[in-house]
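Structure assessment
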Amino acid sequence: MTRSETDARAVQGAAQPVAIVTGAADGIGWATAQRLAADGWCVALLDLRAEAAQARAAELGAPHLGLACDVTDAASVQAAVAAVVARYSRIDALVNNAGISDQTAPTLQQTVDAFDRVLAVHLRGSFLMSQSVLAQMVGQARDARGNRGAIVNLGSIASLGGIPGRNAYSAAKAGVLGMTRALATEWGREGIRVNAVAPGYVRTALVADLVQKGAIDAGSIAHRTPLGRMAEPAEIAEVIAFLASPRASYVTGATLSADGGWAAFGATESALPSL
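Residues numbered from 1 in each chain as written. Predicted model: local features only at pLDDT ≥ 70, side-chain atom pairs only at ≥ 80, totals over all residues. Heavy atoms only, no water.

Considerations on the sheet that holds strand β5 (residues 149–154)
The seven strands are arranged β3-β2-β1-β4-β5-β6-β7 in an open sheet whose pairing can be described as parallel. With one partner strand each, in any of the chains shown, β3 (65–68) and β7 (255–258) form the two edges of the open sheet. Strand-to-strand, the axes of this sheet are offset by a mean angle of 20 degrees, without reference to chain direction. Relative to β7, strand β6 (residues 192–199) is paired through four bridges, and the arrangement is parallel. Counterpart to A198 in the pairing with β7 is S257. (Pairing = 2+ DSSP bridges. Helix = DSSP H or I, 4+ residues; strand = E, 2+ residues; numbered from the N terminus. Axes fitted to C-alpha atoms, helices over the stretch in contact; angles between N-to-C directions.)

Below, the structure written as structure tokens:
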């Protein structure tokens, strides 16, 4: 057994710990599901697309589970969480990863419906999933350090700095960090840790779509990033898996940037060497 598997199994003794990952069919969500499965977790992969979630679960093999879930709909969320509990009897970690692309038009050309949709998926979805999972976690036995479970939310560099035109996405991701801190301080005494990861630009289908639409310039992003490139989804998954695991048993209310130095960089771009 690897060290990661040993740490994961420590959540509840010899039994396999259970994680829910939303938006798990692609990108960071899929990479996270793969990482957790490799570490010995049972993973419930939730996605708006039922067939895609089930196909990914089948790809991982037993004992993983693929479920349809619209994170913006309370009934859908409650049904999915109930199905996970019925299958595994517990939930040790929730990864709120589900997300959609922002509007690419200037502010005066944006629509309120599209604005609301982005907030609904990223922010309302994280709230509804957290609320439903917390109700399950709070009744679970504590581990040796008093912990009952962990929630990892997905923030962004847009949580921390302004990106012109990306109003809904920036508002939603800033809200995710605020909610992370609120939940962490409310539920800490109950042994439930809540943290966030703030990725920079990652080579996902969502980012590829923005590049295709001309909303972002991949070359400029690489030049602006101190590490000189976008992240791979698996690199973000490693950070998420750490925060979900007992290795982060004393970490709560934190936002861990995984952005290649983007947020730390404060000089003009000319200060960076050419790629």
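Details of the nonpolar core
Grouped together as the largest cluster of nonpolar side chains are 30 residues, with contacts concentrated most on I20, L46, V84 and M129. Where this core is concerned, the elements lending two or more residues are β1 (18–22), β2 (42–47), β3, α4 (74–88), α5 (112–137), α6 (167–187) and β6. The element contributing the most residues to this core is α5, with six residues. (Core = buried A, V, L, I, M, F, W, Y, C linked by side-chain atoms within 4.5 Å. Buried < 20%, exposed > 50% of the residue type's maximum accessible area, 1.4 Å probe, protein only.)

Examining the environment of V95
Its place among the elements puts V95 in strand β4 (residues 93–96). In this structure the C-alpha to C-alpha distance between V95 and A24, which are 71 residues apart in sequence, comes to 9.4 Å. With residues near it in sequence (within four places) discarded, V95 still touches I20, V21, T22, T32, V152, L154 and I240. (Contact = heavy atoms within 4.5 Å.)

What to know about the packing of helix α2 (residues 27–38) against helix α3 (residues 50–60)
Remark: α2 packs on α3, axes separated minimally by 11 Å, with the N-to-C direction vectors making an angle of 30 degrees. Regarding the angle of α2 to α3, the classification is roughly parallel. When you trace α2 past α3, the crossing you get is right-handed. In this structure, α2 contributes W30, A33, Q34 and A37 to the contact, and α3 contributes R56, E59 and L60. (Parallel < 35°, antiparallel > 145°, perpendicular 65-115°, else oblique. Left-handed = near helix turned anticlockwise from the far one by under 90°.)

Thoughts on the confidence of the model for the chain
Taken over all residues, the pLDDT of the chain has a mean of 93, while the share at 70 or more is 95%. With pLDDT under 50 throughout, residues 3–14 is counted as low confidence; its partners more than four residues away or in other chains account for 28 contacts. (pLDDT = per-residue confidence, 0-100.)

Looking at unusual backbone geometry
Each neighbour pair has its own omega, and for A62 with P63 the value is 10 degrees, a cis peptide bond. By the secondary structure assignment, P63 is in the loop between α3 and β3. One non-glycine residue, S89, lies in positive phi territory at about 75 degrees. Structurally, S89 is set in the loop between α4 and β4.

Let's talk about the pairing of β6
Judged by how many residues are buried, β6 sits mostly within the fold: eight of eight residues are covered. Both faces of β6 are covered, namely the face carrying I192, V194, A196 and A198 and the face carrying R193, N195, V197 and P199. Here β5 pairs with β6 via six bridges, running parallel. Each residue of the ladder has a partner; that of L154, found in β6, is V197. For the segment spanning β5, α6 and β6, crossover handedness is right-handed. (Right-handed = clockwise from strand over helix to strand, strands pointing away.)

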